[in-house]
Amino acid sequence: MLLVMDVGNTNITLGVFDGEKLEATFRITTKISRTSDEYGIVIRDLLLLNQIEAGDIQAVIVSSVVPNVMHSLTSSVLKYIHVLPIIVAPGIKTGIRIATENPRQIGADRIVDAVGAFELYGGPVIVIDYGTATTYDLVDASGAFVAGVTAPGIRTCAQALWEEAAKLPEIEIVKPKTILAQETISSMQAGLVYGQIGQTEYIIDHMKKESAFEHVKVVATGGLGKLIATETNSIDIYDPNLTLQGMRLIYEKQKGSL
């Protein structure tokens, strides 16, 4: 079995693949400082809760945008799973050519999403990941990563509202019944959700126009991606496991060099 680990700014998302089948997924919080033993125990217990023994894991691949957790996390994999993890980093085989001004500035999470979208759905494709940041990345028909847009994520915007405005409360991020809000909570929900929908449609429209690519697919992923995808015709596919699938596909490309 293959364990894939996507280390984001908010959560670490883990998935276990048996061949191409995703057998289990689970999350742990990134922002809590943990030792290698703590990571190891948490990961081992989560595997066991999904009827998977640590000894069943034959390979591990990690994609991370949070460097300061990597020493403890990779040490935990070595100590508790007894596997040397593969790290998604510059030089790894991905099948995607980074055709931007500075390829090393492209985050591992964006590369993984691009691989998943291109390999599973073809190109040209716009890949949107609704995470701590909302990212829009364009991959052409040849599999080249040609451009990307970075915007604040929905939760990031919401947190800025209730932390910076003293009288605004912390709220649940859901679509309100109407955009014509008449009280504070639904007015914030309307601004956040409809604002994100508008941003999504505007950015997609301009990426399509400026690239001049025909028949561009739009694939979305990320925790709140489903909320937005169901409210706009600009998104063709919502795939909640796109990042995990992208890591599986990258791992498959490494097999000949392992």
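Thresholds, definitions, all that
Along every chain, residues carry numbers that run from 1 in the direction the sequence is written. With pLDDT at 70 or above as the cut-off, local features in this predicted model cover only qualifying residues; side-chain atom pairs require 80 or more to be listed or tallied, and sums for whole chains, interfaces and linings still use all residues. Here the side-chain values reflect all heavy atoms present in the structure, with hydrogen atoms and water set aside. Think of it this way: any DSSP run of H or I at least four residues long counts as a helix, any run of E at least two long counts as a strand, and we number them from the N terminus. Each radius of gyration reported is based on C-alpha atoms, and the globular scaling rule is 2.2 Å times the count of residues to the power 0.38. Per-residue accessibility, obtained with a 1.4 Å probe over protein chains only, is compared with the maximum for each type, and a residue is labelled buried under 20%, exposed over 50%, and partly exposed between these values. In short, Shrake-Rupley with a 1.4 Å probe defines the accessible areas, and a residue's cover is counted only from the protein chains shown. Counted as positive: Lys and Arg. Counted as negative: Asp and Glu. His and the chain ends are not counted at all. Every charge is mapped onto a representative atom, which is NZ of Lys, CZ of Arg, CG of Asp or CD of Glu. Throughout, an axis means a line fitted to C-alpha atoms (over the contacting stretch in the case of helices), and angles, computed between N-to-C directions, take values from 0 to 180 degrees. Orientation categories follow fixed angle ranges, with anything under 35 degrees roughly parallel, anything over 145 roughly antiparallel, 65 to 115 roughly perpendicular, and all other angles oblique. Definitions for this section: a left-handed crossing has its near helix turned counterclockwise from the far helix by less than a right angle. A right-handed crossing has that turn clockwise. In this analysis, two residues are considered to be in contact whenever any of their non-hydrogen atoms come within 4.5 Å of each other. Note that Gly is not counted as nonpolar here; it falls among the polar residues with everything else outside the nonpolar set of Ala, Val, Leu, Ile, Met, Phe, Trp, Tyr, Cys and Pro and the charged set of Asp, Glu, Lys and Arg. At least two DSSP bridges between two strands are required for those strands to pair. Put simply, buried Ala, Val, Leu, Ile, Met, Phe, Trp, Tyr and Cys residues joined by side-chain atoms within 4.5 Å make one nonpolar core. Basic side-chain nitrogens of Lys or Arg form a salt bridge, by our definition, when they fall within 4 Å of a carboxyl oxygen of Asp or Glu. The span one expects for a helix is its residue count, reduced by one, times 1.5 Å. Each Phe, Tyr or Trp ring, with Trp reduced to its six-membered ring, pairs with another whose centre is within 6.5 Å; inter-plane angles below 30 degrees give stacked pairs, above 60 give edge-to-face pairs, and intermediate values give tilted ones. Lysine and arginine charges are scored as sitting over a ring when NZ or CZ, respectively, is within 6 Å of the ring centre and within 35 degrees of the ring normal.

A. Here's a closer look at the overall build of the protein chain. Within the protein chain, the regular secondary structure consists of seven helices and eleven strands. Taken against the 2.2 N^0.38 rule, which gives 18 Å for 258 residues, the C-alpha radius of gyration of the protein chain at 19 Å falls within 12% of a compact globule. For the protein chain, the C-alpha atoms occupy an extent of roughly 55 × 45 × 30 Å along the three principal directions. Evaluated residue by residue, the protein chain yields a buried proportion of 48% over its 258 residues. As displayed, the protein chain has an accessible area near 12,900 Å², and 51% of this comes from carbon and sulfur atoms. Positive and negative side-chain charges of the protein chain, numbering 21 and 29 respectively, have mean locations separated by a distance of 1 Å.

B. A look at the packing of helix α1 (residues 36-49) against helix α2 (residues 70-81). As a packed pair, α1 and α2 sit with axes 8 Å apart at the nearest point and diverge in direction by 60°. In terms of axis orientation, α1 runs oblique to α2. Handedness of the crossing formed by α1 with α2: right-handed. In this structure, α1 uses Ser36, Asp37, Tyr39, Gly40, Ile41, Ile43, Arg44 and Leu47 to contact α2, whose residues at the interface are Ser72, Leu73, Ser75, Ser76, Lys79, Tyr80 and Ile81. Residue composition of the contact of α1 with α2, by class: seven nonpolar, five polar and three charged.

C. Representation of the pairing of strand β8 (residues 133-139). Extensive coverage of β8 is indicated by the burial of six of its seven residues. Relative to β8, strand β7 (residues 125-130) runs antiparallel, the two sharing six bridges. The residue bridging Ile128 from the neighbouring strand is Tyr136, located in β8. From the end of β7 to the start of β8, which pair antiparallel, there are two residues. In this structure, β8 lies alongside strand β9 (residues 144-152), joined through seven bridges in antiparallel fashion. Counterpart to Thr135 in the pairing with β9 is Thr150. Counting the residues in the hairpin turn of β8 and β9 gives four residues, including Gly143, whose phi is positive at 95°.

D. Inspection of the side chain of Ser186 at higher detail. You can see Ser186 is positioned in helix α5 (residues 184-211). Judged by its relative accessible area of 12%, Ser186 is buried.

E. Structural context of the nonpolar core. Residues Leu2, Val4, Ile61 and Ile96 are the most contacted members of the largest nonpolar core, which totals 29 residues. Mapped onto this core, the elements with two or more residues apiece are β1 (2-7), β4 (59-64), α3 (108-121), β7 and α7 (242-254). Per-element tally for this core: the top contributor is α3, with seven residues. Leave out the neighbours within four places in its chain, and Leu2 touches Gly15, Val16, Phe17, Ala59, Val60, Ile61, Arg248 and Tyr251.

F. Representation of the pattern of salt bridges in the model. Tallied over the full model, the rule gives six salt bridges. Salt-bridge contacts for Arg44 lead to Asp45; the nearest nitrogen and oxygen are separated by 3.7 Å. Here Glu231 and Lys175 are joined by a salt bridge, their closest N and O atoms 2.8 Å apart. Pair noted here: Glu231 is in the loop between α6 (225-229) and β11 (237-238) and Lys175 is in the loop between α4 (154-164) and α5, with a separation of 56 residues, a long-range link.

G. Quick look at α7. Relative to the 18 Å expected for 13 residues at 1.5 Å per residue, α7 spans 19 Å between its end C-alpha atoms, a close match to the ideal helical length. Counting buried positions along α7 yields eleven of 13 residues, so the element is predominantly enclosed.

H. Layout of unusual backbone geometry. Across the junction of Gly123 and Pro124, the peptide omega takes the value 5°, indicating a cis bond. At His82, a residue that is not glycine, the phi angle is positive and equals roughly 65°. Along the chain, His82 turns up in the loop between α2 and β5 (86-87). Phi at Ala212 is positive, roughly 65°, even though this residue is not glycine. Locating Ala212 in the fold gives a position in the loop between α5 and β10 (217-221). According to the relative accessible area criterion, Ala212 is exposed, its value standing at 60%.

I. Expanded view of the side chain of Gln189. Tracing the chain through its elements places Gln189 in helix α5. Here Gln189 is in contact with Ile171, Glu172, Val174, Pro176 and Tyr194, once residues within four sequence places are set aside.

J. Looking closely at the packing of aromatic side chains. Enumeration according to the criterion identifies zero aromatic pairs in this entry. Positioned over the ring face of Phe17 is Arg248, at 5.7 Å from the centre of the ring.

Nothing here speaks to function; it is all geometry.
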